[in-house]
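# Summary of the model geometry
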Amino acid sequence: MFATLSDRLADTFKNLRGKGRLSEADIDATAREIRIALLEADVALPVVKEFVGAVKERARSEEVSGALNPAQQIIKIVHEELVTILGGETRRLRYAKSGPTVIMLAGLQGAGKTTLAAKLALWLKDQDKTPMLVAADLQRPNAVQQLQVNGDRVGVPVFAPEPGNGTGNPVEVARASIEEAKRRLHDVVIIDTAGRLGVDQTLMQQAADIRDAVQPDEVLFVVDAMIGQDAVTTAQAFLDGVGYDGVVLTKLDGDARGGAALSIRSITGKPVMFASSGEKMTDFDLFHPDRMASRILD
Ligand code: GDP
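Residues numbered from 1 in each chain as written. Predicted model: local features only at pLDDT ≥ 70, side-chain atom pairs only at ≥ 80, totals over all residues. Heavy atoms only, no water.

Condition: UniProt positions are given in the numbering used here, feature names are shortened, and annotations may be inferred rather than shown by experiment.
For the protein, the name recorded in an unreviewed UniProt entry is Signal recognition particle protein, with Nocardioides potassii as its organism. Regarding the protein, the relevant UniProt record gives this comment under Catalytic activity (unreviewed entry): "GTP + H2O = GDP + phosphate + H(+)". Turning to the protein, the UniProt annotation filed under Subunit (unreviewed entry) states: "Part of the signal recognition particle protein translocation system, which is composed of SRP and FtsY."

Here is the structure:
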């Protein structure tokens, strides 16, 4: 991900090398190149406009500091603006003050929710938490079993309706799971909810009902970074239909152009909290805007 964007930006900055001072024309040309690079990376247009406007404004008005040449100065500005659109600070999980912390996952089918649920459970385990997974996706055949397989892989128990009970009510499963977590002294509950292939009113309502029933400490919207601009549209639909506190980007290891990752924070106002970047259970971490910006500019 970001390979094309990185190359494009590197070429743009190369053109500035050796220049003693940046003329207005240099700044305009650079801004134009950055705009094209971002649009080609599938970044949403309003985000591109805001980004390029900010870079241009700063390039014009900021004094070039002693140690940096003009090209380095522009790179520094672009880096800082990238960190800003990626959300600034790393947003960490908020744990409940008492009782189990309840994390609910929402998103489209295929976004990587079930995989992510297990990755998050493993990550929490590594921080000395005692998580429990909850299979409240009773829509998709095999979803419960898939979560159980993933739970086994990371050594985390899965709370699920009885096998064969396909008519189980996800809201009741979610509610019962909290009681079970309290009884068994699990300090984090991760609820996997059903997704559909497209945004769907019934799905939204079900997720909203689960949310109302269990009052999660964190609702995380899980989205496949490979789906480009659609990620932003879906993010907006879930924000309106269910609401969430943070975003998890999955499949960041893919060769998509990265626009979703760059747009989603600005468009939704919600922080990207975690990034999932592969099939292995350990391909997962907190999302660090500064590291991501450095990766893009490397
Ligand atoms: P769900 O329908 O949202 O529960 O999605 P799944 O967890 O079943 O994931 C859908 C597919 O994406 C599966 O084949 C996963 O192995 C794959 N997948 C999930 N996360 C990642 C990731 O970060 N990178 C890659 N390359 N594949 C992923």
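The discussion continues.
### Quick look at the environment of Pro46
Note the following rule: Where helices and strands are cited, they refer to DSSP runs of H or I of at least four residues and of E of at least two residues respectively, numbered from the N terminus.
As for its position among the elements, Pro46 is in helix α3 (residues 45-61). It is 8.9 Å that separates the C-alpha atoms of Pro46 and Ser266, two residues lying 220 residues apart in sequence.

### Considering the site of the ligand
We apply this condition: Near is defined per residue: the residue qualifies when any heavy atom it owns lies within 4 Å of the molecule or strand. Identification of polar contacts relies on pairs of N or O atoms within 3.5 Å, with a donor-acceptor requirement for protein atoms, meaning one able to donate a hydrogen and the other able to accept it, and with residues adjacent in sequence counted only if both atoms are side-chain atoms. In short, Shrake-Rupley with a 1.4 Å probe defines the accessible areas, and a residue's cover is counted only from the protein chains shown.
In the vicinity of the ligand there are 17 residues, among which Gly110, Lys113, Thr114, Thr115 and Glu279 approach most closely. Between the ligand and Gly110, the relevant distance is 2.7 Å, taken from an oxygen atom to a main-chain nitrogen or oxygen of the residue. A distance of 2.6 Å separates an oxygen atom of the ligand from a polar side-chain atom of Thr115. For the ligand, whose unbound accessible area comes to 570 Å², protein coverage reaches 79%.

### A short note on the pattern of salt bridges
Selection rule: When a carboxyl oxygen of Asp or Glu lies within 4 Å of a side-chain nitrogen of Lys or Arg, that pair is called a salt bridge. Think of it in three bands: residues with accessible area under 20% of the maximum for their type are buried, residues over 50% are exposed, and the middle band is partly exposed, with areas taken using a 1.4 Å probe on protein chains only.
The final tally for this structure, using the stated rule, is 21 salt bridges. Its salt-bridge partner being Arg60, residue Asp28 comes within 3.7 Å of it at the nearest N-O pair. Residue Asp28 is located in helix α2 (residues 24-40), and its partner Arg60 is located in helix α3; the two are separated by 32 residues in the primary sequence. We classify Asp28 as partly exposed; its relative accessible area is 26%. Look at Arg60 and you get partly exposed, because its relative accessible area is 43%. For Glu172, the salt bridge is made with Arg175, and the minimal N-O distance between the two is 3.3 Å. On the criterion of helical spacing, the pair formed by Glu172 and Arg175 is a turn pair, its members being three residues apart in helix α7 (residues 170-183).

### A word on the nonpolar core
A general feature of soluble globular proteins is that nonpolar side chains tend to end up buried together. What counts, and what does not: The set of buried Ala, Val, Leu, Ile, Met, Phe, Trp, Tyr and Cys residues whose side-chain atoms join them within 4.5 Å is what this entry labels a nonpolar core. Here a residue-residue contact requires only that any non-hydrogen atoms of the pair lie within 4.5 Å.
Ranked by size, the top nonpolar core spans 101 residues in total, and within it Ile191, Leu262 and Phe274 carry the most contacts. In terms of residue count, the dominant contributor to this core is helix α5 (residues 113-126) (eight residues). Residues in contact with Leu262, not counting those within four places in the same chain, are Phe2, Leu5, Leu38, Val43, Val47, Leu82, Ile85, Leu86 and Ile296.

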